[in-house]
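Each chain is listed here by its residues.
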Amino acid sequence: QVQLVESGGGLVQPGGSLRLSCAPSGKVFNIGVQAWYREVLGKPRESVAYLPLDGAARYASSVEGRFTISRDNAKNTVYLQMNNVRPEDTAIYYCYAYAQATSTSSPLSYWGQGTQVTVSS
């Protein structure tokens, strides 16, 4: 079992920046795809940024050019750099990883517990 722990959420003014981090709480054998999603009460969870193991990152059109997803492979950590944030970016942000807990386990989808981001003046 892999537990993902997010950090970095909070209150930020419009036009400001915030960086979210997501790391496994314990050892993990292998991590493939990593991504960030967000959810607003009453709406479906939506994909924000997606980072395959090989290939270019992909972004929702609403955040393209403002958000950047990256990873530190040595730490198995994924980041979401959020610049020029807008009130409509307010949501709970969840990290996602397709990961293999041990060398003998099957890869599974894992989610973080969510971190609140509020954009307001």
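Description of the structure in this document. (Residues numbered from 1 in each chain as written. Predicted model: local features only at pLDDT ≥ 70, side-chain atom pairs only at ≥ 80, totals over all residues. Heavy atoms only, no water.)

**A closer look at the state of the cysteines**
Using the following cut-off: The disulfide criterion used throughout: a pair of cysteine sulfur atoms within 2.5 Å. Segments assigned H or I by DSSP are reported as helices when at least four residues long, segments assigned E as strands when at least two residues long, and all are numbered from the N terminus. Each residue's exposure class comes from its accessible area (1.4 Å probe, protein chains only) as a fraction of the maximum for that residue type: buried when under 20%, exposed when over 50%, partly exposed otherwise.
Scanning all chains against the criterion turns up 1 disulfide. Between the sulfur atoms of cysteine 22 and its disulfide partner cysteine 95 the distance amounts to 2.0 Å. With the S-S dihedral at roughly 45 degrees, the linkage between cysteine 22 and cysteine 95 falls on the right-handed side. Here cysteine 22 is found in strand E3 (residues 18-24), whereas its partner cysteine 95 is found in strand E9 (residues 91-100), with 73 residues between them in sequence. By the burial criterion, cysteine 22 is buried, and cysteine 95 matches it.

**What to know about the packing of aromatic side chains**
Where we set the bar: Stacked, edge-to-face and tilted are the three classes for Phe, Tyr and Trp ring pairs, Trp counted by its six-membered ring, which pair at centre distances within 6.5 Å; planes under 30 degrees apart are stacked, over 60 edge-to-face, the rest tilted.
Taken as a whole, this structure holds 3 aromatic pairs when the rule is applied. With centroids separated by 6.2 Å and ring planes inclined at 70 degrees, the aromatic side chains of tyrosine 37 and tyrosine 96 adopt a geometry described as edge-to-face. Of the two residues, tyrosine 37 is situated in strand E4 (residues 30-39) and tyrosine 96 in strand E9; the sequence distance between them amounts to 59 residues. Residue classification places tyrosine 96 among the buried positions, given a relative accessible area of 13%.

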